[in-house]
Structures are given as C-alpha cells and as structure tokens.
Amino acid sequence: MINLVRTERQRYILFKIIGEDVTNLNNKEFLKSIWNSIWSYFGMKEANKIGLWLLELDLEEKFGILRCSHNTKEVMISALSLIKEINGKRIILSPVKTSGTIKTIKNIKNSVIR
Amino acid sequence: MKYFESRLKANFDNIEDIKEKIEFCERLGIKNIILEPTISLNTIPLDIKENLKEVTNINLYYRINLKPNNLTTFKKKIKNYNKFSDILSVETSDKEIQIHAARDSRVDIISFSEHDILKSLTPGVISLIKQNNSFIEFSLAPIMENNKSFQSKNFRNTYRFLQLARKLNVNYIISGNFYDLYDYRHPRAMISICHSLLGIPLLKAKAAFNENVQLLLNRAKQRQDENLIEDGVRLIGGK
C-alpha cells in the first residue's frame, strides 16, 4: 500500500557546550532556555514548525544532540547561537555538525570527543 | 569549508591576551581569523606574527584599523600605508573621511561595525566603494547586546543597511567583532543568524564569511606585486 502522507525529514544537530560551570545544569533547564530563545527571536510562526527534541545531553563531555525538522535547521542553529546564559551561568551552545541520521551524528560525536 | 572571523580585536601589548582569545577560538572550532590590534600600531611586528604562528594551527591574518578624527589626520595617517602587506580598514562616522577613504586604493575596507557609525552609511559612499573594488564591513557585535530594546534596534539597523548594500550590489563582508569572550560565535552560526534573522540568502551569507574575505586577502596580497599596475592591468616581461 502506498503511504500518501510523506513523513517529515529530520535533522540532528550536534552542539558543543562551552561554559564555566555547567555540570549542575539539567535537561529541563537547557530545553527551557532553547525554547525561550526560539520564542523571543522567531515567535510562534517558526516555533510550531520546529519539532524540537533533545536526544542527548552529556554535561561531562560537554556535548548535546537535538533533533528538529529539516526546514528549520537554520532557525534552530540561530536560536542555539543566540543563547548567552542559562540560570545566570554564562554559556555558549556552539553547533558543530548537522546530519540527517542519528547514526552519523553519533559517529561524528565519538570522533569529535576523541 | 573555510569560514573567516574577519575581525578579532586583541591587545598586542599583551601576548597572553591574544593567546587566550586564539585558544577560545580553537575551542569553538574557528579555522581562520583576522586579528586587529586594539592599540595604535602602524604595522604588526614580525616577531609577534612568528610567535603566534607557533602557538596555533589556526590560519592567522592581520589588519589595521584607522579611526581618524578629521580629514587632515586621515591624510597624514594614510601616507604610512603605501604597499601595506596586511589589510587596512577605516572606521569613522565622518562622511568626508568616508568619501576620501572609499576613493583611496590603499584602503581595503570601510567599516560600519558600530551601531552609531552604521547609520552614516549612504548610497553615495557605497557607489564609491564599488568603483574602487573595496569592501564594506558589517558586524554582528551590536546584536549580542543584553538590553532587548537596544538589541532589537540594532537588529533593525543592521538589517536595513545590509539590505541596502545587497541592493546596490557592493562587496561586503560580515564579521563578529565581539568584545567579550562569551559573545564569540563560530562563523557558521553567524551565517545562520544572517540567513534567518537578517534576510540574507544562505549562499550570499556564506560568501560574506568566505569568498568575499578571500577576495579581500587577495587584494592585499596583489598590492605587493610590483608588476600589477591596477586591477586587470599587469606588466608581462620586458626589461
């Protein structure tokens, strides 16, 4: 049977966390600040297209992986880049690489950490 | 791909300050940097260049920024920069100086990085810059402002003048020019900001951080070539 509804393509973004004391932060705080950034710079028009999902957050290695729709990749990278602090702690979320599959992004993550 | 951070200010009196900034750029993954001294220097000393080359794998280039107060000072200062090997930029809100700088082939960039200087950009100056094949510089530093009201004003002004430059088809580069270490961003992240918030098509935004900067570096390099009379005119052979 032909699937008439084409599934939306996804993008996985690997980002580096640069900051002084980030180990005390948690997933919830990260997501809250990412959504805040999306809302304040792009509003509801873009926010409802993003489909943001935080897949992995490794505060020891200072890396994270998130998923968004492929149409909003640039919006997502901008929103990440415009975050300056989380919970009063100065932080940079610097996008490293984007990929279309989780497998590739994990391989890239492993090679970057090494 | 080779993306450039076209303006990184550092204190050339304090080598540790430069090293700290370069190290931070390495953490961000930046591969090419154009360094600018914050102190008044006529040329970048060779020993500093050699010293920094050993410290890092990042490709380092240099620029000098002139901030003349009046036309006489500008004319006096520019005399020191015949056959200058690095990039020379002029940053001023004085329209008279802007016009002279735009006509002068020794000047590579007319910088409109600060938000108060940005407002002084006019189509007339853009036209002169275009005739001279030099570059306009915009910067993303004003949009990292903490105050939301100022930030939105700066976004608006940067958007307006970037679109004006695009419309008039002049060569332009976009730099970070950030003051604080934690404001530094990778050029690829800045490309996304330019595309999604400042309305520049993705390929044009990438060119402002890559191809246009390479053209600028070539322009500075070609100045050293004694056989090159002007753009497109070169002496071949004959003694």
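Residues numbered from 1 in each chain as written. Chains lettered and ligands numbered in written order. Predicted model: local features only at pLDDT ≥ 70, side-chain atom pairs only at ≥ 80, totals over all residues.

Trainee: Can you help me understand the overall build of chain A in this one?
Mentor: If you tally the helices and strands in chain A, you get three helices and five strands. Scanning chain A from its N terminus toward the C terminus, one meets helices and strands in the order β-α-β-β-α-β-β-α. For 114 residues, the compact-globule estimate of 2.2 N^0.38 gives 13 Å, and the C-alpha radius of gyration of chain A, at 15 Å, lies within 12% of that figure. Expressed along its principal axes, the backbone C-alpha trace of chain A runs to roughly 55 × 35 × 20 Å. Burial status across chain A gives 30% buried among its 114 residues. Long-range pairs, those at least 24 residues apart, make up 69% of the contacts in chain A between residues at least 6 apart in sequence. (Helix = DSSP H or I, 4+ residues; strand = E, 2+ residues; numbered from the N terminus. Rg over C-alpha atoms; globule rule 2.2 N^0.38 Å. Buried ≥ 20, exposed ≤ 12 C-beta atoms within 10 Å, placed from the backbone. Contact = placed C-beta atoms within 7 Å.)

Trainee: Even after reading the chapter, I still don't get the overall build of chain B, so can you show me in this structure?
Mentor: Along the backbone of chain B there are 10 helices and nine strands. What you see for chain B is a C-alpha radius of gyration of 18 Å, in line with the 18 Å of a compact globule of 239 residues. With respect to the principal axes defined by its C-alpha atoms, chain B has extents near 60 × 45 × 35 Å. By the burial criterion, 39% of the 239 residues in chain B qualify as buried.

Trainee: Would you explain the environment of Ile126(B) in this entry?
Mentor: All names here are of chain B. You can see Ile126 is positioned in helix α6 (residues 123-131). Taking the C-alpha atoms as reference points, Ile126 and Leu203, 77 residues apart in sequence, are found 22 Å from one another. Contact partners of Ile126, with chain neighbours within four places excluded, come to Ile136, Ala165, Leu168 and Val170.

Trainee: Just checking my understanding: could you explain the nonpolar core for this structure?
Mentor: Grouped burial of nonpolar side chains is what soluble globular proteins tend to show. Ranked by internal contacts, the top residues of the largest apolar core, which has 86 residues, are Ala79(A), Ile110(B) and Ile136(B). The contact partners of Ala79(A), leaving out residues within four places of it in the chain, are Ile34(A), Ser37(A), Ile38(A), Tyr41(A) and Phe42(A). (Core = buried A, V, L, I, M, F, W, Y, C linked by C-beta atoms within 7 Å.)

Trainee: Even after reading the chapter, I still don't get unusual backbone geometry, so can you show me in this structure?
Mentor: With glycine set apart, most residues show a phi of negative sign, and most peptide bonds adopt trans. Unlike most non-glycine residues, Lys62(A) shows phi in positive territory, near 60°. Mapped onto the elements of the fold, Lys62(A) is located in the loop between β2 (53-58) and β3 (63-69).

Trainee: Would you mind showing me how to read the environment of Thr56(B) here?
Mentor: Residue and element names in this part refer to chain B. Tracing the chain through its elements places Thr56 in the loop between α2 (46-55) and β3 (59-66). Taking the C-beta count within 10 Å as the criterion, Thr56 has 15 such neighbours and is therefore assigned partly exposed. Separated by 16 residues in the primary sequence, Thr56 and Ser40 have C-alpha atoms spaced 24 Å apart. The residues touching Thr56, leaving out its near neighbours within four places in the chain, are Ile22 and Glu26.

Trainee: What is the right way to read the packing of helix α1 (residues 27-50) of chain A against helix α2 (residues 73-81) of chain A from this model?
Mentor: Packed helix pairs are characterised by how far apart their axes lie and by the angle those axes make with each other. Residue and element names in this part refer to chain A. Orientation of α1 relative to α2, taken along the N-to-C sense of each, is 165°, at an axis distance of 9 Å. Here α1 lies roughly antiparallel to α2, going by the angle between them. α2 is crossed by α1, and the crossing has left-handed handedness. From α1, Ile34, Ser37, Ile38, Tyr41, Phe42, Glu46 and Ile50 reach across to α2, where they touch Val75, Met76, Ser78, Ala79 and Leu80. Residues that form the contact of α1 with α2 fall into these classes: nine nonpolar, two polar and one charged. (Axes fitted to C-alpha atoms, helices over the stretch in contact; angles between N-to-C directions. Parallel < 35°, antiparallel > 145°, perpendicular 65-115°, else oblique. Left-handed = near helix turned anticlockwise from the far one by under 90°. Nonpolar A, V, L, I, M, F, W, Y, C, P; charged D, E, K, R; others polar.)

Trainee: Could you clarify how one ought to interpret the sheet that holds strand β4 (residues 87-90) of chain B in this entry?
Mentor: Through backbone hydrogen bonds, the strands of a sheet pair up, either in parallel or in antiparallel fashion. Residue and element names in this part refer to chain B. Reading across from one edge, β1-β2-β3-β4-β5-β6-β7 is the order of the seven strands in this open sheet, with parallel pairing throughout. On the outer flanks of this sheet lie β1 (4-10) and β7 (172-175), each paired with one strand and no other. Across the sheet, the axes of successive neighbouring strands diverge by a mean angle of 35°, strand direction being ignored. Direction of pairing for β4 relative to strand β5 (residues 109-112): parallel, over a ladder of two bridges. Across the sheet, Ser89 pairs through a bridge with Ile109, a residue of β5. (Pairing = 2+ DSSP bridges.)

Trainee: What's the story with the interface of chain B and chain A in this structure? I'm lost.
Mentor: It is common to give the size of an interface as the accessible area that goes away when the parts come together. If you look at the interface, chain B gives 13 residues, while chain A gives 13 residues. Among the elements that make up the side of chain B that touches chain A, the one with the highest residue count is helix α8 (residues 187-197) of chain B (seven residues). Of the residues belonging to the side of chain B that touches chain A, the class tally is five nonpolar, five polar and three charged.

Trainee: Help me understand the confidence of the model for chain A in this model?
Mentor: For residues with low pLDDT, the predicted coordinates do not support detailed interpretation. The predicted model of chain A has a mean per-residue pLDDT of 91, with 97% of residues at 70 or higher. Element-level mean pLDDT values for chain A span from 89 in helix α3 (residues 102-113) of chain A up to 96 in α2(A). (pLDDT = per-residue confidence, 0-100.)

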